[in-house]
Each structure stands twice: as structure tokens, then as C-alpha cells.
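# Architecture and fold: a report
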Number of protein chains: 2
Amino acid sequence: MNDVIKLLNSHRSIRKFTDQEIPHGLLLELIKAGQAAATSSHVQAYTVIHVKDSDNREAIAELAGGQGYVASSAVFLVFCADMKRPTEASARTGANVERGMTEQLLVATVDTALMAQNVAVAAESEGLGICYIGGIRNNPEAVSELLRLPAHVYPVFGMCLGYPAHQPEVKPRLPVEAILKEDYYTDDSDHVAAFDDTMQAYYQSRSSGNKNSDWSHNLAPLFDSKLRPHMRDFLVKRGFTMK
Amino acid sequence: MNDVIKLLNSHRSIRKFTDQEIPHGLLLELIKAGQAAATSSHVQAYTVIHVKDSDNREAIAELAGGQGYVASSAVFLVFCADMKRPTEASARTGANVERGMTEQLLVATVDTALMAQNVAVAAESEGLGICYIGGIRNNPEAVSELLRLPAHVYPVFGMCLGYPAHQPEVKPRLPVEAILKEDYYTDDSDHVAAFDDTMQAYYQSRSSGNKNSDWSHNLAPLFDSKLRPHMRDFLVKRGFTMK
């Protein structure tokens, strides 16, 4: 296994950071590495907001569900899917731009995620720790207002970056046999049952936050309610009308 | 700049491959490296179909818009957003699962993209070349039928992998100043104008497929029509009803 693959396999979310700052030159290097990721038809449908204002960081920490590290990490970024820039560039050439297609939501969301994952890998290659903050979608409208996001731009997730002040275990993943299938989709409930045993053992032995649960029971509260039911109306209001 | 960041910056899509095969053990290593990526609430909402059947590969090459390398690359994978596995696992614990939320579409799409980008980076670290195939969304229903995808699973993109038989230039990206903003979203049309000049020069000087165009003009046909207008109905039919 080469060093890059070892690095990828060593990922875990970091939520406690030292006071050490991230030099601006390094941040630029990470973002550029992000931009090097593949992009659908070269559309580069993303914008990253580097949130420096401490009031806004504290506000977003609360809006994301009380995640204090949003305010205390060395750097906090918000990754936005951005269909404004490419559609306006097209419109300036005289194109009769059709906005709000469902496909445009997918293209922009995927572009943003590919880009962010490269930033994450680049950051970890420099000894930084990161944590994705999907919690900004708890209150996406308030976050969008704080960042003055225009129409056709929506915040997909945030990311905390900083030098790690803890070393949590790497969390197990589903058996590769469950998620990789040959030629056709097949049932994998036996692999899920085995993974529930793995996670039961993990939750009981990990160094922090022991609990008696497994993968299936841990997910249940997520799907036993309407998950972020405001997202549809929010996206429509942003111009992602899902036509 | 460290070697990992150099690797990320060297990405370009590879569409011509040698006959060299990818050992199955290496493929498993790449997929596991993919699984190590961050996942929203540990949901791991993805399934990868390794398409080996040559008839299906040729069919998908056609369905994706006549992309022959889908059939001829050493390995062709289809990355699927999978809400079936986690919601069924939840249901088995007795949870009253609510499906079809827009947020679930986002979670599964982002999870799939983060995972795939790790596979791409891992592959390139082993000297392989890759090419994302968004074109499978030209005919997502036919692709889903070929792969026997059940409800609550949809094919996000494909990926060709193999040993490169050409060395295309790295394509320029928007200036980092355009896509990275401090605290608030701001206008970046001046950076787009500069980037149009960059791309004009690139398209005229690159070693293959010279043309007289720039970024804005190149995107215009993409937005001057309804981009993949079938995607909404397709997703609804798959159970991603975007409630």
C-alpha cells in the first residue's frame, strides 16, 4: 500500500484543534488542489467562503447545531454549489440560459463535493485535521444570509481545518463486499448484519463516547423523522427549482 | 508543495488506455480507500457497480453518448447513490422510515462523490488514469435497468480506470481569487473575463482538439438548452421524490 493510500485510509474527523494558525499561502495551496479535481464539462460550479468574521463563525456554530469547533478551528470554510457564475458567463455570450434544472443541482453538488474532498486530502497530507459540517443545512437560509449568497448559489457543507489536538480512532466502514458489486445490484443484508456486530464492538471499545448501539440502530433516528424537511423549499427559493 | 498535493494538481482526464489490466486486489484497495472518505452521519450512502460484462459495457458506452473508452478501459465502475441500504437497515430496527426527502438526495449524492474522489486519487497515486463519466445521466433509466438497480438507488456517474496511453495537458482552472471569497460572496466577473483569455490561449495551443473558444462560449451550449430534462422524473421514479 503506497503512502497516498495510507493517508486516505487514516482519515477521521478532527473536532479539537491546537491554536496553531494555517498560513494563508498554505490555505491557497489547499484550495488550488481542490480546483484540480475533475469538474463536469469544466463548469467548476463551486465557490468557497472563508469565514473569518468571528461573530459569523459563532453564529454558524450555533446554526449548525451547537458545533463549537466551527468557531474555534484555525480555518472554517463553507463550500457552496454555484450555478450563478457559469450561467451568467453563458448568458453574457448571448445564450438563452435555462436555469433551475434538477440536473444543474446534481452537477453543482457533485462538482463541489469532488473539489472539497481534494481540499480535505491536501489538508491531511500537510498534517492538518478536518471535519465536514453538514449541520449548516440545519439552517441553510440563515447561513446563506450571513454569507450574502446570491441566487443560484447554495451552501452544501462547511469544513473545519486545523492542527489536531486529539487522535480519535479511524471509524470502521461497511465491508467492501457490501458496497462493491459485480455487474448487478444484489442484496447485501448479510453484510449489514456483520457490520452491525463490528460497530457494536467499536462503540463499546472506543476511547470516547462509548455506547451500546450498532450501525442500523445508530441510523434509525436519522430516518425515523423527516430529514431536514426545509431543504426542498430552501433550494427552490435559491433558484434550484428542480425542474 | 508536498508529493500528495503535486499528485492532486497533476489530474487530467484519461480517455486512452493501454491493455494492461488492473489486478483485482488493487481495485479492492482503491475502493476501500474510497470508503475511508468522510460520510454524512456514517450513512455510507453509496454502492459501486463494477461492470465486467462486455455487452453491458458497450451498451453503456453508447448510452453515455458514444464514449468508447467506457467499453475499452481496464475497469469501468458506476458510482450509485444508495439510500436503500441505510433506510432498510433503519427499518429493520423498527424505525418508521420516511423516504424521498430532498435532503436524502443531497446526502447520498455528496457521500458518493466524496467516496469516488478518494478512489480517483488512490488510482492516480498508483499510476492509473481515470475519467469520470457523467454521460451515464444521458440515459439513467436504461443504465439502471442494465445494472438492475433497485428503488432508492440511482447512478450518479461512471468512472473509467486504466493505465494511461496518452498524456494530455492539465486543463487550467478559474483563478483561485474567483472561487475563494472572504466572509461574503462578491462579484467575480472580472476574474471570469481573465479566465476566458486563459482558456482561449489554452484551446488554441493544446496538443489535441484545437479550437477558437473560451470558457464562457464553451459553456453556453450547456445552458442554452434544458440540461438533461429527464432527470427530475427519473429521480422521482427511483424513489428520490424530492419532498
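Residues numbered from 1 in each chain as written. Chains lettered and ligands numbered in written order. Predicted model: local features only at pLDDT ≥ 70, side-chain atom pairs only at ≥ 80, totals over all residues. Heavy atoms only, no water.

As a reminder, the rule being used: UniProt positions are given in the numbering used here, feature names are shortened, and annotations may be inferred rather than shown by experiment.
As named in an unreviewed UniProt entry, chain A is NADPH-dependent oxidoreductase, taken from Vreelandella aquamarina. Under the UniProt heading Sequence similarities (unreviewed entry), the note attached to chain A is "Belongs to the flavin oxidoreductase frp family."

## Quick notes on the packing of helix H6 (residues 102–125) of chain A against helix H6 (residues 102–125) of chain B
Stated precisely, the cut-off is as follows: Each axis is a line fitted through C-alpha atoms, taken for helices only over the stretch in contact, and angles between the N-to-C directions span 0 to 180 degrees. The way it works is that DSSP assigns letters per residue, a run of H or I at least four long becomes a helix, a run of E at least two long becomes a strand, and they are numbered from the N terminus. Oblique is the label for any angle not under 35 degrees, not over 145, and not in the 65 to 115 range, which are roughly parallel, roughly antiparallel and roughly perpendicular in turn. In this scheme the handedness of a crossing depends on how the near helix is turned from the far one: anticlockwise by less than a right angle means left-handed, clockwise means right-handed. We call two residues in contact whenever any of their non-hydrogen atoms come within 4.5 Å of each other. When residues are grouped by polarity, Ala, Val, Leu, Ile, Met, Phe, Trp, Tyr, Cys and Pro land in nonpolar, Asp, Glu, Lys and Arg in charged, and all others, Gly among them, in polar.
In the contact formed by H6 of chain A and H6 of chain B, the axes pass within 8 Å of each other and the chain directions differ by 45 degrees. Taken together, the axes of H6 of chain A and H6 of chain B lie oblique to each other. Taken as a pair, H6 of chain A and H6 of chain B cross one another with a handedness that is right-handed. Along the contact surface, H6 of chain A presents Leu 105, Leu 106, Thr 109, Val 110, Ala 113, Leu 114, Gln 117, Asn 118 and Val 121 of chain A, while H6 of chain B presents Leu 105, Leu 106, Thr 109, Val 110, Ala 113, Leu 114, Gln 117, Asn 118 and Val 121 of chain B. When the residues that make up the contact of H6 of chain A with H6 of chain B are grouped by side-chain class, the tally is 12 nonpolar, 6 polar and no charged.

## Digging into the pattern of salt bridges
Pairing between side chains becomes possible if they bear opposite charge and their charged atoms approach one another. All names here are of chain A. As a reminder, the rule being used: When a carboxyl oxygen of Asp or Glu lies within 4 Å of a side-chain nitrogen of Lys or Arg, that pair is called a salt bridge. Exposure is judged per residue with a 1.4 Å probe applied to protein chains only, and the accessible area is read against the type maximum: over 50% gives exposed, under 20% gives buried, and values in between give partly exposed.
Taken as a whole and assessed by the stated rule, the structure comprises 20 salt bridges over all chains. Close ionic contact of Lys 181 with Asp 188 constitutes a salt bridge, the shortest N to O distance being 2.7 Å. Asp 188 matches Lys 181 in its accessibility class, with the two residues each being buried.

## Examining unusual backbone geometry
Even without a glycine there, the phi angle at His 42 of chain A is positive, about 65 degrees. With respect to the helices and strands, the residue His 42 of chain A is situated in the loop between helix H2 (24–35) and strand E1 (46–50). Classification of His 42 of chain A by relative accessible area gives buried; the value is 4%. Positioned with a positive phi, Gln 44 of chain B is a non-glycine residue whose angle comes to about 50 degrees. Residue classification places Gln 44 of chain B among the buried positions, given a relative accessible area of 0%.

## A look at the packing of aromatic side chains
In this description, an aromatic ring pair is defined by two values, namely the gap between the centres and the angle between the planes. Note the following rule: Under the pairing criterion, centres of Phe, Tyr and Trp rings, with the six-membered ring standing for Trp, must be within 6.5 Å; the plane angle then separates stacked pairs below 30 degrees from edge-to-face pairs above 60, leaving the rest tilted. A ring is considered to have a charge above it if a Lys NZ or an Arg CZ atom is located within 6 Å of its centre and within 35 degrees of its normal.
Overall, the coordinates contain 10 aromatic pairs over all chains when judged by the stated rule. An angle of 75 degrees between the planes, with centres 5.4 Å apart, marks the rings of Tyr 154 of chain B and Phe 240 of chain B as edge-to-face. Here the residue Tyr 154 of chain B occupies a position in strand E4 (residues 153–162), and Phe 240 of chain B occupies one in the segment after helix H11 (231–237), the gap between them amounting to 86 residues. Note on Tyr 154 of chain B: relative accessible area 0%, which makes it buried. Ring pairs connect the aromatic residues Phe 79, Tyr 132 and Phe 157 of chain A, which therefore count as one cluster. The residue whose ring lies beneath Lys 181 of chain B is Tyr 185 of chain B, and the NZ or CZ to ring-centre distance is 4.7 Å.

## Structural notes on the sheet that holds E1 of chain A
Rule in force here: Two strands pair under a simple rule: DSSP has to find at least two bridges between them.
Taken in spatial order, the 5 strands make up an open sheet running E3(A)-E4(A)-E2(A)-E1(A)-E5(B), and their pairing is mixed. The open sheet terminates on both sides in strands that have one partner only, identified here as strand E3 (129–133) of chain A together with strand E5 (180–182) of chain B. For this sheet the average axis-to-axis angle between neighbouring strands, irrespective of direction, equals 25 degrees. Bridge analysis of E3 of chain A against strand E4 (residues 153–162) of chain A gives 5 bridges, and the strand direction is antiparallel. Its bridge partner lying in E4 of chain A, Gly 129 of chain A is registered against Gly 162 of chain A.

## Quick word on the sheet that holds strand E3 (residues 129–133) of chain B
The mixed open sheet is built from 5 strands, whose spatial order is E5(A)-E1(B)-E2(B)-E4(B)-E3(B). A single partner strand is all that each edge strand has here, and the edge strands are strand E5 (180–182) of chain A together with E3 of chain B. Between one strand axis and the next, the sheet turns through 25 degrees on average, direction left out of account. Judged from the 8 bridges that link them, strand E2 (residues 75–82) of chain B and E4 of chain B form a sheet pairing that is antiparallel. Directly across from Val 78 of chain B, in E4 of chain B, lies its bridge partner Gly 158 of chain B.

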